[in-house]
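Spelled out from the first residue to the last, the chains are:
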Amino acid sequence: MHFGVILAFSEFLFFCVGGMLADSSLSLQEKRCFLYWDHYYDYVPEELPWAGAERWCRQRFGFLAAIGTAEDNQKLTSFMHSMRLTKSLWIGAKIKESGRGTFGSHILTFSGRTDTKYAKLLKQFSQLRSVTVCAQVQFDSTYVGVSTVFSYSIPSFINEFQLRANIVRGRRIQLALLVHGVHSPYSQAVDNNGRWHHLCVRWTSQGGGWAIAADGSVISSGEQLHVSDNIGAGGVFIIGQEQDTFGGSFKKDESFVGNITQLHIWDRVLNADEIRSFVEDCLVVPLGLFFQWNISTFEIETSVQVHEGFSQCQGDGFQVTEPFDILWVDGTLPHFHNISSDVSHPVNKGECVAFEPLTGAWKSEVCSKQKEALCRYDKDIYEQMQDLSSLPPSPFFLQVKANSIGISIADYLLLNQSEYPENVSVANYITGLLFEAADQSHAKLTSADLLALTRFLGSVAELDFENEANNSETVLSLATNYVKLASKIIDVKYSLEWLVISEVIPGPYVIIHSVDILAEKLSDILFTIGPSIVLSTENIDMQLKVSQLSDVGKDLVYKPKCLSARNRADEIQVPDAEISQLLTSGYSELIFINAYYRSVEYHLTSQNPDSLLLAGRSDKRLQTSQLQTAVISSTVRDPVKARNVPTAVQYSLSHRPVVGYSKVAIPACVFWDFRLLDGQYAGWSNQGCQVIKFESEITVCFCNHTTNFAVLMQFTEVQWGFETEIILNKLTFIGSGASLCALVVTLTLFTVLDIPKSDRTSIHKNLFVALIAAQVVLLSSDSATNSETACTAVTALLHLFFMAAFAWMMVEGLLLWSKVVTVNLSEERRMKYYYLIGWGLPVLIVTITLAAAHDKYISDRYCWLNVHNGVIWAFVGPVIFIIMVNMFVLTRVVLITMSTAKRRATMLAVNSSPIEQAYDQIRAAVKAVLVLLPILGLTWLSGVLVPLSVVMAYIFVILNSLQGLFIFLIYGVYNTEIRSTIKRLKERRRALNFSNCATSRPSSSLTSSRPASSPVTGSESLAKDDGLQVTDGFNLQGICKMSFYDNSVVYENPAVANERQLSTPSLPQGPDEELSCCSQSPVTSSKVVLDPGVKNKNCRRNGCKADYPLPSGREDMEDGCSLHVPIELEDRSCSSVNVVSLKRVGSLYLD
């Protein structure tokens, strides 16, 4: 032992003697304790039954000792040796009661092949002349190859004893036994079906006889398997790995994958009948049993999972192995126990556990036996109790001492005493005197007084009231004094005193627990007292009432009497549907217990136990949780069976309005969970509770169980005030309304106008439909907040349509990539795939989310996805992915645009400066970004920066609420397709008017050899709309170039656009007369006259040259406006185009 440990031990041993635990009936020399880690362990020499010993420890705010590890067990054994103790002592464990035929078993789970997972048996092996090992094994059917079930190695020989399996897909599992390096042949054993199997292997040194049994039948056996020697002693037995060195060097490829339980070892050979009995009847043969399954005797690697399951056997054979579970009174998880595995001493359910000081072993004993005990105290609690015990007597203590006659009531207030009342009469007398002293004392109660009174009230609540049915007046008097005293000590004026002792007990919640326990015991004898009991004080209101369910016409409502002006809305009720359910279940008369506790919300603790509700949250930096309401409780009890009846309740609690608007308040309907976890109360929990209605000063909750309830407020910091939030909401409403109108107009234009059909226009329309639907649902979402069903439906629709909008934005990006980056001009239609992405994917995401989190789908305050439990990622995750994809697409398009602008500037502006060329490139890039941002949804990127500044919040709201308006301006107002279509319609209407009153055209506009007496046809309109001047020949102006966006060939000439005149062109006379293409040679003239009789014979893909001469002075014709020809004409290149064919494919249009 190190010197520091010895010094600490001696110091704390001296500290414990005669301190808080110096009972008057026990001498100082008989009291000893020691400090180990964060706990004090105290030896109690008084012999008590287990329940009495447990109560003795709790009176000092501790518990019977819990032992969590083998190291703890060893330390306690050493401590007992130092005190020369020989008798067994009670510790805080009991054998769990369970139903007949349900036998628990710990299972080791080895998931995935690794070289780290193992379980090592901590048991010393001697030489074994014979051995049998049996276990229940479940192989993972998805893995193949060698699998080592267990391996045993000794220092002198590694492969001393092993059971190996060879798993081949589609075949039965093969097993082989290895003894001292000698390998038996693999034998087919069981099907590889993922089911549990009983496996047994046996071996003896006499003749090297061996056998392998599966599911009770011997499948393989033989002789001469390592004949001459025994299995060596001092080895290491490991489950799940093959050892390449002594106790280590595992191989991943030979590891076990699956589950193992109920592994037993005998130092003899079991015959076939014994193996069959073990499998069928779960009968563990005691003769020669060297080791029986006990999870606490293994060193288990941390990644190996341990869980409980039930044995596959139906018999009682596993009764001596582990048919029990350990329960610790302080809620410690049972990771370890050291109950003797002697088969001659079976463990019985319901018994209590005693500790053997000489050996450190545990054994189960009848709980009524009188034994000494071992208590355990938290270090901080113990030391604070020492400080409080050393304080001088308080005025309240002196007042009690002066008022007591014949009985020393003050002894009940001494923290170093363990006195508690013996019966109801004594408890009533003492409680009355204590309340009288507390009411008369001019000085405030001290922290020590509160602690002593809390302990006393707890001991009174644990009294047996069953034998007091004939003493109803005394019981009622006790209840009245009890509630008055409890109300006194939870008053708000003692908040600071409660804060001081918060390390010992969790504030006044212990008082609430004690009052609830007393109320339940009173209800069991309520019929002897009266039909109801109503006890109302300043801070506590309690009501016990017997109700005939058939007489309850409506909801059973409890409204406290001790309500202030602010708390007038506080109430709790059992809904009518629950009353009907109770009647259906056969209940006719029940007792309804209700209680109300004021002032509790004003008591604070140093560690803020209210924040325990947020223990599972990952990010609590900006969140706090505070109790904002009174506590109200409800219990429904069956007087016949004296047990509580589970019932759902609805309660309303008022709370203080939030001061200021620097935080957003989110309510949480909670209850105080009094279960113990490692010696501490579980604290606030919201399990089974939900918010129904939340207003500024009241919250309505629904819980599917009965207990004590309250409302916590979780506050989230925000970067702007209430006025800013109102402005943002108004901007959102205005912008969304404008976007909705703009989107409807844009969709109408795309639907009504004769715009050429293409994938691009279809994608635009679907995007507009999704955005319109999303905006409509968003603007009407506020009206659905009062109904959970309607709010869920609205949230699902918002999720669906916004998800669909983003999906179609991604489709826009994919189409842009195919046309601009990969230059895919194929006419293959891909719309069916686009529909799957745009509508199918959102429907799938929403359906899966609703199915997985239907009860936690919506937020508490808004009709939107819940942001606290991860449901929001069903929207945010896909949106982030889509934005990243579209950002990549936009980057590539901008780069290509700038590259094209640079080449164009180089070709057309040779004499321009580099600065002007750079300006042209920047202008082209900016134009591309502004045009594509709304349609690709990239404006949502500004949402990432919202937490940084309120300015970014304004930018985000404006950009995204006005997304529809931007789309209308860019793709509606300034869309050349729509504008040219509208203009073409106007000119056709004008042409119709002219055709009715004119038979010729002015020569200044056009020279024609044949009159026009009919309206402009489609082909004529085609020529007119795109600046084609036609004389007796067929005149075209412009230079020819290719453009693949919108699947069109583009002819550009802006010079002509300003000189367009309505004309009647001279068209070819018949279907064989052809339209010659333009020359791509540089020209300077704005008009080129072509002879329709002369065919272009030298057209090429990149240009054409006619057989006719060009007019002089026309060599430098500048680039101009666009004339689009549908994609059906692309393959014709510059070859002659038949006008009849041109009329079939549709009109040319201007871009």
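Structure: above.
This is a predicted model, so every value here is computed, not measured. (Residues numbered from 1 in each chain as written. Predicted model: local features only at pLDDT ≥ 70, side-chain atom pairs only at ≥ 80, totals over all residues. Heavy atoms only, no water.)

Draft legend 1. Representation of the sheet that holds strand β38 (residues 689-694). A sheet is described by the order of its strands in space; here five strands give the open sequence β29-β30-β35-β39-β38, paired in antiparallel fashion. Looking at which strands have only one partner, the edges of the open sheet turn out to be β29 (556-558) and β38. The average undirected angle you get between the axes of adjacent strands in this sheet is 20°. (Pairing = 2+ DSSP bridges. Helix = DSSP H or I, 4+ residues; strand = E, 2+ residues; numbered from the N terminus. Axes fitted to C-alpha atoms, helices over the stretch in contact; angles between N-to-C directions.)

Draft legend 2. Expanded view of the pattern of salt bridges. Taken as a whole and judged by the stated rule, the model has 20 salt bridges. With a shortest N-O distance of 3.8 Å, E299 and K120 are connected by a salt bridge. Linking E299 in strand β21 (residues 298-300) with K120 in strand β6 (residues 119-121), this pair joins segments that are 179 residues apart in sequence. K444 serves as the salt-bridge partner of E497, at 3.8 Å between the closest nitrogen and oxygen. Here the residue E497 occupies a position in helix α10 (residues 495-500), and K444 occupies one in the loop between α7 (424-440) and α8 (447-461), the gap between them amounting to 53 residues. Among the residues examined, K444 registers a relative accessible area of 42% and is labelled partly exposed. (Salt bridge = Lys/Arg side-chain N within 4 Å of Asp/Glu carboxyl O. Buried < 20%, exposed > 50% of the residue type's maximum accessible area, 1.4 Å probe, protein only.)

Draft legend 3. Geometry of a positive patch on the surface. Together, R979, K983, K986 and R990 make up a region of like positive charge exposed at the surface. Relative to the elements of secondary structure, R979 occurs in helix α21 (residues 976-995). (Patch = residues over 30% accessible without salt bridge, like charges linked within 9 Å, V, L, I, M, F, W, Y side chains within 5 Å. Areas by Shrake-Rupley, 256 points an atom, 1.4 Å probe, with all protein chains shown as cover. Lys, Arg positive; Asp, Glu negative; His and termini not counted. Charge placed at Lys NZ, Arg CZ, Asp CG, Glu CD.)

Draft legend 4. Here's a closer look at unusual backbone geometry. Positive phi, normally seen in glycine, also occurs at H180, with a value near 50°. Tracing the backbone through its elements, the reader meets H180 in the loop between β10 (173-179) and β11 (182-183). If you check the backbone angles, A642 has positive phi at about 50° while not being a glycine. On the secondary structure map, A642 appears in the loop between β33 (631-638) and β34 (643-644).

Draft legend 5. The arrangement of the state of the cysteines in detail. A full pass over the atoms with the stated rule returns six disulfides. Disulfide pairing is shown between C57 and C375; the S-S distance is 1.8 Å. Negative torsions about the S-S bond denote left-handed disulfides, and the value of about -70° found for C57 with C375 makes this one left-handed. In this pair, C57 is assigned in helix α2 (residues 50-58) and C375 in strand β26 (residues 371-378), connecting sequence segments 318 residues apart. On the basis of relative accessible area, C57 is assigned to the buried category, the value being 0%. For C375, a relative accessible area of 1% gives the class buried. (Disulfide = S-S within 2.5 Å.)

Worth remembering: the numbers are spatial, not functional.
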